[in-house]
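Descriptive analysis of the structure
The chain contents come next:
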Amino acid sequence: MLSRSRSSEAAHSLDRLNAASPEAAEIALLACCGSRRWARLIAAHRPYPDVEALLAAGDEASYDLTSADLDEALADESLVGHPLPAADSLGGLAAHTALQAAHTAYERRFGHVFVICLDGLGPDDKLDRLLAGIRGRLGNEKEEERAHAAEELRRIARGRLARLASDRPQLSGILRFRPA
């Protein structure tokens, strides 16, 4: 449960989103999901009475992504590039090397970046989860993987929306490895 001060911060941020011009709202929402249609849908349904209503709208819009919307959002994620935890040990360096190889294979197989939501994981768990996730999903059929990628994008957008509406910094809960 939110404390009174955090609850009022969230209400303040939500009020700003609700009061923003359609263009300004869309720009803010595009930072949550790179689909312009998704951002327009969320912006068009304002005002939201509370954060939960905003998150529900985000989920609904995510479930309604067309194939072109999904391609647009995945292309946007390819531009983001999130830093990986430091490879400060021999094991960390080996994990980074394995991840680079897996990511290259993933992009070659599926034609887009690998996305995974890592919200709630500690720094030590992110690299392991990222590597296990990409290795596990490399065996998927293309349509099955698009469904996984769409679900991960929904989860990522939900976390970003929650942070947008709560005045917390927009530090993404995902890692998307950009090979060197």
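Details of the structure are given in the entry above.
Quick summary incoming for the structure in this document. Please read all numbers here as calculations on a predicted model, not as lab measurements.

A count of helices and strands for the chain gives eight helices and zero strands. Ordered by position in the sequence, the α and β elements of the chain form the string α-α-α-α-α-α-α-α. Within the chain, the proportion of its 180 residues that are buried is 42%. A separation of at least 24 residues holds for 72% of the contacts in the chain among residues at least 6 apart in sequence. Total accessible area on the chain stands at roughly 9,500 Å², and carbon and sulfur atoms take up 56% of it.

Another point: the pattern of salt bridges. Applying the stated rule across the entire model yields ten salt bridges. In this structure, the salt-bridge partner of Asp69 is Arg37, at a minimum N-O distance of 2.6 Å. With Asp69 in helix 5 (residues 67-80) and Arg37 in helix 3 (residues 36-44), this pair connects stretches of sequence that are 32 residues apart. The residue Asp59 makes a salt bridge to Arg154 at a minimum N-O spacing of 2.9 Å. With Asp59 in helix 4 (residues 51-63) and Arg154 in helix 8 (residues 142-165), this pair connects stretches of sequence that are 95 residues apart. This pair shows no difference in class: Asp59 is buried, exactly as Arg154 is. What emerges from the salt-bridge pattern is a single network uniting Asp59, Glu151, Arg154 and Arg158.

This part takes up the environment of Leu99. Topologically, Leu99 is positioned in helix 6 (residues 90-110). Expressed as a C-alpha distance, the spacing of Leu99 and Leu127, which sit 28 residues apart in the sequence, is 8.7 Å.

The next point concerns the packing of helix 2 (residues 22-30) against helix 3. At a minimum axis distance of 9 Å, the contact between helix 2 and helix 3 shows a crossing angle of 125 degrees. Between helix 2 and helix 3, the angle falls in the class oblique. Taken as a pair, helix 2 and helix 3 cross one another with a handedness that is right-handed. Facing Pro22, Ala25, Glu26, Leu29 and Leu30 of helix 2, the residues of helix 3 in contact are Arg36, Trp38, Ala39, Arg40, Ile42 and Ala43. Taken together, the residues of the contact of helix 2 with helix 3 break down into eight nonpolar, no polar and three charged.

Right, let's talk about unusual backbone geometry for a bit. In this structure, the amide linkage connecting Arg46 to the following residue, Pro47, adopts the cis form with an omega of 5 degrees. Among the secondary structure elements, Pro47 is positioned in the loop between helix 3 and helix 4.

What follows deals with helix 7 (residues 123-137). Spacing of three or four residues puts side chains on the same side of an α-helix, whose turn is 3.6 residues. Helix length check: helix 7 (15 residues) gives 22 Å between terminal C-alpha atoms against 21 Å at 1.5 Å per residue, within 8%. Buried within helix 7 we find Leu127, Leu130, Leu131, Gly133, Ile134 and Arg137. Buried residues of helix 7 fall within an arc of 165 degrees about the axis and therefore sit on the same side. In helix 7, the exposed positions angled more than 90 degrees off the buried face are occupied by Asp124, Asp128, Ala132 and Arg135.

This part is about helix 4. A rise of 1.5 Å per residue sets the reference length of helix 4, with its 13 residues, at 18 Å; its end C-alpha atoms lie 18 Å apart and thus fit the reference within 8%. Regarding helix 4, the residues found buried are Val51, Leu54, Leu55, Ala57, Gly58, Asp59, Ala61 and Ser62. Taking the backbone nitrogen of Glu52 as reference, a side-chain oxygen 3.3 Å away marks Asp50 as the first, capping residue of helix 4.

Rules behind the numbers
Residues numbered from 1 in each chain as written. Predicted model: local features only at pLDDT ≥ 70, side-chain atom pairs only at ≥ 80, totals over all residues. Heavy atoms only, no water. Helix = DSSP H or I, 4+ residues; strand = E, 2+ residues; numbered from the N terminus. Buried < 20%, exposed > 50% of the residue type's maximum accessible area, 1.4 Å probe, protein only. Contact = heavy atoms within 4.5 Å. Areas by Shrake-Rupley, 256 points an atom, 1.4 Å probe, with all protein chains shown as cover. Salt bridge = Lys/Arg side-chain N within 4 Å of Asp/Glu carboxyl O. Axes fitted to C-alpha atoms, helices over the stretch in contact; angles between N-to-C directions. Parallel < 35°, antiparallel > 145°, perpendicular 65-115°, else oblique. Left-handed = near helix turned anticlockwise from the far one by under 90°. Nonpolar A, V, L, I, M, F, W, Y, C, P; charged D, E, K, R; others polar. Expected span 1.5 Å × (residues − 1). Arc of directions from axis to C-beta. Polar contact = N/O pair within 3.5 Å; in protein donor to acceptor, adjacent residues only side chain to side chain.

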